[in-house]
Amino acid sequence: MPKVDVTVEVCGMAGDGTIAAGGLINEAMASGGFSVLGFDSYPAEIRGFGRCVARSRIGSEPILALGDQTHVLISLNDEQSGVRVPFLAYNALVFFDSNPPVYLNEKQSVAAAVEPGMTLIGIPFSDLATSASGSARGRNLTALGGFAAVCGAAPELFRNMITKKFKAKGEKVLESNLKSFDAGYYYALSNLSDRMRPLFALPEQSDVAGRLIMSGNEAIGKAALDAGVLLYFGYPITPATPIMEYLAKHLPTRGGAVIQMEDEISSIGAVLGSFYAGTRAMTATSGPGFALMTELITHGVMAEIPAVILNAQRGGPSTGLPTKTEQSDLHAAVFGGPGDSARIVIAPTNVEECYYYTVMGFQLAERYQTPVIVLTDFYLDNRVEDLPVPEASEWEKADGNLYPAADSKGTYKRYAVNESGISPRAIPGAEGFAYTATGLEHTERGTPDYSPENHMLMTEKRYRKIWGALADLPAPVEFSARGSMDLGVIGWGSTFGAILEAVDTARSLGYRVGALKITSIYPYHVQEIKDFMSRCHQVLVPELNYSGQLANVIGHLCGKELIRLNQVTGVPFSPSAILARIERILKAGAL
Amino acid sequence: MKTAGRVLAAKIRSIKESKAFGIRSSELPTWCPGCGYFGIHQGLNACIQELGLPHHQVVTVSGIGCAGRSPFFIDTYGLHTVHGRTLPVATGVKLANPKLTVFAIGGDGDGLAIGGGHLPHVARRDVNINYLLFDNSIYGLTKGQPSPSSPTGTKTKASPYGTHDRPLNATLLALTYGASFVARLFAGDPAGIKRALMEGTRHPGFAIFHIYTSCVTFDKFFKTWANLKKWVHPLPEDHDPSDLRQAFDQVLEDEFSTGIVYSRKYPLPGVS
């Protein structure tokens, strides 16, 4: 079977159905057994101003990151698509509407922009959709029909997905959408036989059972349900809102609720109140909301109350870069807030990990009686990947609370100082264990005491507890040949896929490089990271932030200056940008 | 002397019989002698005792300020949070376990300034928590700055030439926000506080108790005991708490009438 690695891009104006078309490509190809990674970029305006791009990388091998080049461009609006031409492969296929609904002069047509090696495929999307269904609204599906015919993608895969998507909207809507798709498909079969390019010969044994396609946000929502969350408190914010919407649909059916709060401060407040009273709850936000939460997070640290906070990073304040991706809240997550307030910060690197790390977050929060921050980002939350159906283990789902022993009634000390730093936590309703949880510095019994020795003692207790969590936190994972390396690349979060692809390519080119994936951001595995660094002549840390935030936290472990690769363009790293940096470093070293 | 001794003994006996101290924690209150908060606490303690609420089924949630220390002095579960966030945290506690009786406690700075944005939303959500707003019109724990309910012209170290801002009226705000149970009370009347709290605790939605009280240390000019005793009086006997219009009129016309101002049971509260 030939290796498939094709990037398809749908481009149009907001309102053209661009994102919907991209979603259908992802679902259809994944259902055919391909590995898929899809990511949309869209403007902050709802309709009418901006460019929408839905990119999908489709492969026969597992896809780790978005590709560098686009092989197929489906243009729903040529004015928007023109600027995408420089990102096309030299022999790309370009689908466009040969009779667009909005008059374009020749210069505006994407046909005028393509390079000589590219193949233009003009299909009258709007006309065909109108004659098939009575409306041009289905022209995005007509475009997909043409794409499926020319690229040799089985039309049944698309028809199934269209049916799945529109079934609930009624027979009539479904039928007109299927007709729009077929119009493009059969038009291409009969009129474009000279341009066929079968890119997607189906895998011979497409084993799709037990696999599904989901976004990072869906994985997080599903994880919350599987972890037994009953309450979600949140405030709408891109890119975390889909988690709230997912849970709003599912929680009421299991006796829970989504409460849309008045701001992020009240959201984390209610999450703490809920965990205090013994019920798993969560909130999800992005950087601007997270900034508002920091005081109550440190209250959770001091009062030793569990909480799970998901921070889907974007850039800057609420004005900032609301629909772009960045990894610039690591400092805020680890250090943000008043006082010494160590808390657990974990960061998944792909959609599957989004699920497992969210479930784990609840376990860790209860076990270590602390707020746990799960750091994702726009790119990770909104991208879709195919993955094996995720299922949390019994350990992951188990009640992580340590309750006081029945015979400690009367002598119960909520904040008892001990070796692990974990003191039994009574839940309101338990008779004989009433205590006051407080953010004031307190004695073992929970009564206020800010004497010098006591603050020292209690601060040490809390730090001991957090660093003790390393026992349960996933250790860094190394991808390299054993032994010493010329260059080690350390990565975290959504960026790691691109790093791994770049490192794999570099190794196939003969470079002695390796990659280290860090998912436990705080506390971190000092010894493992040191070991890796000590085997690398040089160490590179690519991050989607300007200040090098992971590098700042772990840099002291290295003993030599880390090389940083910092990109703040609002878009994910491309593997080739990282590969280029790797080669530049190693070639300079060879001189 | 003999008579005085007998009176004292009788008083101690009656206090013991009332079980009012059965809910006191081993922590002694840190409030200044003469503080109005003692009276409020007496009312709250008596309410819990008379309703027969098991102490382990009660949670007191508080913010920062002198009022914020309340949970330490009462033998129930307590959650002493941060400044202004009493109501959202209490919301989480109540929704997590509706069997618990939740008292949220905060001062006028906590509830009308830094936490003022939460009151409308907890009121419209009608979460079944009981909110005691201790209103002494001064920041006590930070040693005497003007609060959102201080009258215009209040002179403190932080406002040596007098304040320009007009005061907020918490009872009027609560009515405006659609709170389903609104009481205005006086710290000098613990029995009145107890009665209102008992009724509000039985009320199946959000209940706010706006309690006028005195800061004996930092307020020598406005809500002094002498003034409050002069100003405070019960609502007219014919006041109908089910009539929102009447409640508004009453609160607009008379700033110092106390009692249950408004009470309405919504058939299906959004969340209980």
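Thresholds applied
- Residues numbered from 1 in each chain as written.
- Chains lettered and ligands numbered in written order.
- Predicted model: local features only at pLDDT ≥ 70, side-chain atom pairs only at ≥ 80, totals over all residues.
- Helix = DSSP H or I, 4+ residues; strand = E, 2+ residues; numbered from the N terminus.
- Rg over C-alpha atoms; globule rule 2.2 N^0.38 Å.
- Contact = placed C-beta atoms within 7 Å.
- Nonpolar A, V, L, I, M, F, W, Y, C, P; charged D, E, K, R; others polar.
- Pairing = 2+ DSSP bridges.
- Axes fitted to C-alpha atoms, helices over the stretch in contact; angles between N-to-C directions.
- Parallel < 35°, antiparallel > 145°, perpendicular 65-115°, else oblique.
- Left-handed = near helix turned anticlockwise from the far one by under 90°.
- Buried ≥ 20, exposed ≤ 12 C-beta atoms within 10 Å, placed from the backbone.
- Domains from an automatic or database assignment.
- Core = buried A, V, L, I, M, F, W, Y, C linked by C-beta atoms within 7 Å.
- Expected span 1.5 Å × (residues − 1).

### A closer look at the overall build of chain B
Item 1. Secondary structure assignment for chain B yields 9 helices and 10 strands.
Item 2. What you see for chain B is a C-alpha radius of gyration of 18 Å, in line with the 19 Å of a compact globule of 272 residues.
Item 3. With respect to the principal axes defined by its C-alpha atoms, chain B has extents near 55 × 50 × 40 Å.
Item 4. Within chain B, counting contacts between residues at least 6 apart in sequence, those at least 24 apart form 67% of the total.

### Section: the overall build of chain A
Item 1. Secondary structure assignment for chain A yields 19 helices and 21 strands.
Item 2. For chain A, whose C-alpha radius of gyration is 26 Å, the value lies close to the compact-globule estimate of 25 Å for 591 residues.
Item 3. In chain A, once contacts between residues fewer than 6 apart in sequence are set aside, the share between residues at least 24 apart is 76%.

### What to know about the interface of chain B and chain A
Accessible area lost upon the coming together of the parts serves often as the stated size of an interface.
Item 1. Of the residues lining the interface, 31 residues belong to chain B; the matching set on chain A comes to 36 residues.
Item 2. Those elements giving two or more residues to the side of chain B that touches chain A turn out to be strand E2 (77-80) and helix H3 (86-96) of chain B.
Item 3. Element by element, the count of residues in the side of chain B that touches chain A is highest for H3 of chain B, at 8 residues.
Item 4. Of the residues assigned to the side of chain B that touches chain A, the class counts are 14 nonpolar, 13 polar and 4 charged.
Item 5. One ladder, built from 3 bridges, connects strand E15 (residues 436-438) of chain A with E2 of chain B; its direction is parallel. Each bridged residue has a counterpart across the sheet, and for Ala437 of chain A the counterpart in E2 of chain B is Leu79 of chain B.

### Quick word on the sheet that holds strand E3 (residues 101-107) of chain B
Item 1. Strand order in this open sheet of 9 strands is E15(A)-E2(B)-E1(B)-E3(B)-E4(B)-E8(B)-E7(B)-E10(B)-E9(B), and the pairing throughout is mixed. The open sheet has two edge strands, E15 of chain A together with strand E9 (233-234) of chain B, and neither has a second partner.
Item 2. Against the sheet, helix H2 (residues 37-51) of chain B contacts strand E1 (58-62), E3, strand E4 (130-135) and strand E8 (207-212) of chain B, and its axis sits at roughly 165° relative to E4 of chain B.
Item 3. Relative to E3 of chain B, H3 of chain B is tilted by about 175°, and along the sheet it contacts E1, E2, E3 and E4 of chain B.

### Some thoughts on the sheet that holds strand E17 (residues 485-491) of chain A
Residues and elements named next belong to chain A.
Item 1. Here we have 5 strands laid out as an open sheet, ordered E16-E18-E17-E20-E21, and mixed in their pairing. Each having just a single partner strand, strand E16 (477-479) and strand E21 (563-566) make up the two edges of the open sheet. In this sheet, neighbouring strand axes are inclined to one another by 25° on average, regardless of whether the strands run parallel or antiparallel.
Item 2. Where strand E20 (residues 536-543) lies against E21, 4 bridges are found, and the strand directions are parallel. Considered in E21, the bridge of Val541 is made with Arg564.
Item 3. Its contacts with the sheet place helix H16 (residues 496-508) against E16, E17, strand E18 (513-517) and E20, and it is angled at close to 160° to E18.
Item 4. In the packing of helix H17 (residues 526-534) onto the sheet, the strands contacted are E16, E17, E18 and E20, and the crossing angle to E20 comes to about 120°.

### Some thoughts on the environment of Pro234 of chain B
All names here are of chain B.
Item 1. Topologically, Pro234 is positioned in strand E9.
Item 2. Taking C-alpha positions, Pro234 is 35 Å from Tyr161, a pair spaced 73 residues apart along the chain.
Item 3. Ignoring sequence-local partners within four residues, the contact set of Pro234 consists of Ser257, Thr258 and Gly259.

### Let's talk about the environment of Val59 of chain B
Item 1. In this structure, Val59 of chain B sits in strand E1.
Item 2. For the pair Val59 of chain B and Ile74 of chain B, spaced 15 residues apart in sequence, the C-alpha separation works out to 9.9 Å.
Item 3. If we ignore the near neighbours within four places in the chain, the residues touching Val59 of chain B are Pro428 of chain A together with Thr76, Tyr77, Gly78, Leu79, Val93, Leu100 and Val102 of chain B.

### Things to note about the packing of helix H1 (residues 18-31) of chain A against helix H5 (residues 155-166) of chain A
Residues and elements named next belong to chain A.
Item 1. Between H1 and H5, the shortest axis-to-axis distance is 9 Å and the interhelical angle comes to 125°. Regarding the angle of H1 to H5, the classification is oblique. H5 is crossed by H1, and the crossing has right-handed handedness. Only Leu157, Phe158, Asn160, Met161, Ile162 and Lys165 of H5 make contact with H1, whose side of the interface consists of Leu24, Glu27, Ala28 and Ser31.
Item 2. Considering only residue class, the contact of H1 with H5 consists of 6 nonpolar, 2 polar and 2 charged.

### Some thoughts on the pairing of strand E1 (residues 5-13) of chain A
Residues and elements named next belong to chain A.
Item 1. With 8 of its 9 residues buried, E1 lies for the most part within the structure.
Item 2. Inspection of the sheet shows E1 paired to strand E4 (residues 70-75) by 4 bridges, in the parallel sense. In the strand pairing of E4, Cys11 is matched with Ser75.

### Describing the domain arrangement of chain A
Residue and element names in this part refer to chain A.
Item 1. Split into domains, chain A comes out as domain 1 (5-209), domain 2 (213-397) and domain 3 (477-590).
Item 2. Each of domain 2 and domain 3 was reduced to a C-alpha centroid, and the two centroids are 27 Å apart.
Item 3. Contacts between the two partners involve 23 residues from domain 2, matched on the other side by 21 residues from domain 3.
Item 4. Elements represented by at least two residues in the side of domain 2 that touches domain 3 include exactly helix H11 (330-335), strand E12 (344-346), helix H12 (351-368), strand E13 (371-377) and helix H13 (378-382).

### A look at H3 of chain B
Item 1. Taken across its 11 residues, H3 of chain B has 11 buried, putting it largely inside the fold.
Item 2. Among all positions in H3 of chain B, only Thr86, Leu87, Pro88, Val89, Ala90, Thr91, Gly92, Val93, Lys94, Leu95 and Ala96 of chain B are buried.

### Points about the packing of helix H7 (residues 216-226) of chain A against helix H8 (residues 241-250) of chain A
Residue and element names in this part refer to chain A.
Item 1. Where H7 meets H8, the axes come as close as 9 Å, and the angle between the chain directions of the two elements is 40°. In terms of axis orientation, H7 runs oblique to H8. Of the two elements, H7 crosses H8, and the hand of that crossing is right-handed. Taking contact as the criterion, the partners of Asn217, Glu218, Ile220, Gly221, Ala224 and Leu225 in H7 are, on H8, Pro242, Ile243, Tyr246, Leu247 and His250.
Item 2. Across the contact of H7 with H8, the residue classes tally to 7 nonpolar, 3 polar and 1 charged.

### Side note on the nonpolar core
Item 1. Ile521 of chain A together with Val93, Phe209 and Ile211 of chain B are the most contacted members of the largest nonpolar core, which totals 248 residues.
Item 2. Of the residues forming this core, the biggest block, 10 residues, is contributed by H12 of chain A.
Item 3. Leaving out residues up to four positions away in the same chain, Ile211 of chain B has contacts with Ile40, Leu132, Leu133, Phe134, Asp135, Leu185, Phe186, Ala187 and Ile193 of chain B.

### Concerning the environment of Gly234 of chain A
All names here are of chain A.
Item 1. Mapping Gly234 onto the fold places it in strand E8 (residues 231-234).
Item 2. It is 9.3 Å that separates the C-alpha atoms of Gly234 and Val271, two residues lying 37 residues apart in sequence.
Item 3. Contacts of Gly234, omitting those with residues within four sequence positions, involve Met244, Gln260, Met261, Ser267, Thr283, Ala284 and Thr285.

### Topic: H2 of chain B
Since the α-helix turns once every 3.6 residues, residues separated by three or four places project in the same direction.
Residue and element names in this part refer to chain B.
Item 1. With 15 residues, H2 extends 21 Å from end C-alpha to end C-alpha; this agrees with the ideal 21 Å at 1.5 Å per step.
Item 2. Residues Tyr37, Gly39, Ile40, His41, Gly43, Leu44, Asn45, Ala46, Cys47 and Ile48 constitute the buried set of H2.
Item 3. Each element contacted by the buried residues of H2 is listed here: E1, E3, E4, helix H7 (190-202) and E8.
Item 4. Trailing H2 by a residue or two, Gly52 shows a phi angle of about 70°, which is positive.

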